[in-house]
Amino acid sequence: MMESEARGMKEEMKLEFDAISENEGLARVVIAAFLTRLDPTLEQLQDVKTAVSEAVTNAVIHGYEEKGGKIQMTATLENGQLSLSISDKGVGIENVQEAMQPLFTTRPEGERSGMGFSFMEAFMDRVEVESSPGNGTIVHMWKSFQENILSQSRLLSRQV
């Protein structure tokens, strides 16, 4: 466990990258590296990476309609809690509640299943979406790693 996590300090990471599908992998690797200090299980790591993939893919495909732009990823760790935001300045979402329904897609002609938000909700503890037409979208996601911190603390106390 990193000393800063043990003291409950807030750590933050920000990344801005081009809205191209190849950068989905970049976002996955960066968030995985950022989370390593919490010693996540493989399942926890995969959950967060999948949620990030879905949010980035939505920004590329729907937000910018594959015409390019910038995506921002911000992650904060504080007291074993991951707070993560993926944002774009794309076309935005007219009806967020409708867009978050399973199987809803604005691109039925593509190979999209309309399950992006459903996957994010399944793999994260909480998901909120802010969006308005013409102003882009911010997907906020949270996941607790508090149990990881407690387990690491117990291990450290036994070693002392």
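Residues numbered from 1 in each chain as written. Predicted model: local features only at pLDDT ≥ 70, side-chain atom pairs only at ≥ 80, totals over all residues. Heavy atoms only, no water.

Student: I would appreciate a short explanation of unusual backbone geometry in the present structure.
Tutor: With the exception of glycine, most residues fall at negative phi, and the peptide bonds are largely trans. Phi angles above zero are rare outside glycine, and D39 is one such case at about 50°. Its place among the elements puts D39 in the loop between α2 (23-35) and α3 (42-63). According to the relative accessible area criterion, D39 is exposed, its value standing at 54%. In the Ramachandran plot, E66 falls in the positive-phi region, its phi being about 60° despite a non-glycine side chain. Looking at the secondary structure, you find E66 in the loop between α3 and β2 (70-78). Using a relative accessible area of 48% as the deciding quantity, one classes E66 as partly exposed. (Helix = DSSP H or I, 4+ residues; strand = E, 2+ residues; numbered from the N terminus. Buried < 20%, exposed > 50% of the residue type's maximum accessible area, 1.4 Å probe, protein only.)

Student: Even after reading the chapter, I still don't get the confidence of the model for the protein, so can you show me in this structure?
Tutor: Reading fine detail from the predicted coordinates is not recommended where pLDDT is low. Residues of the protein with pLDDT of at least 70 account for 79%, and the chain-wide mean is 85. In the predicted structure, residues 1-6 sits below a pLDDT of 50 and forms 17 contacts with residues beyond four places in sequence or in another chain. (pLDDT = per-residue confidence, 0-100. Contact = heavy atoms within 4.5 Å.)

Student: I keep staring at the sheet that holds strand β1 (residues 11-18) and nothing clicks. Help me out?
Tutor: In a beta sheet, neighbouring strands pair by backbone hydrogen bonds and run either parallel or antiparallel. Strand order in this open sheet of five strands is β1-β2-β3-β5-β4, and the pairing throughout is antiparallel. What marks the edges here is a single partner per strand, and that holds for β1 and β4 (126-132). Within the sheet, the average angular offset between the axes of one strand and its neighbour, ignoring direction, is 10°. The pairing of β4 with strand β5 (residues 136-144) spans seven bridges and is antiparallel. Looking at β5, one finds that V127 is bridged to M141. Packed onto the sheet, α2 meets β1, β2 and β3 (81-88) and runs at close to 170° relative to β1. (Pairing = 2+ DSSP bridges. Axes fitted to C-alpha atoms, helices over the stretch in contact; angles between N-to-C directions.)

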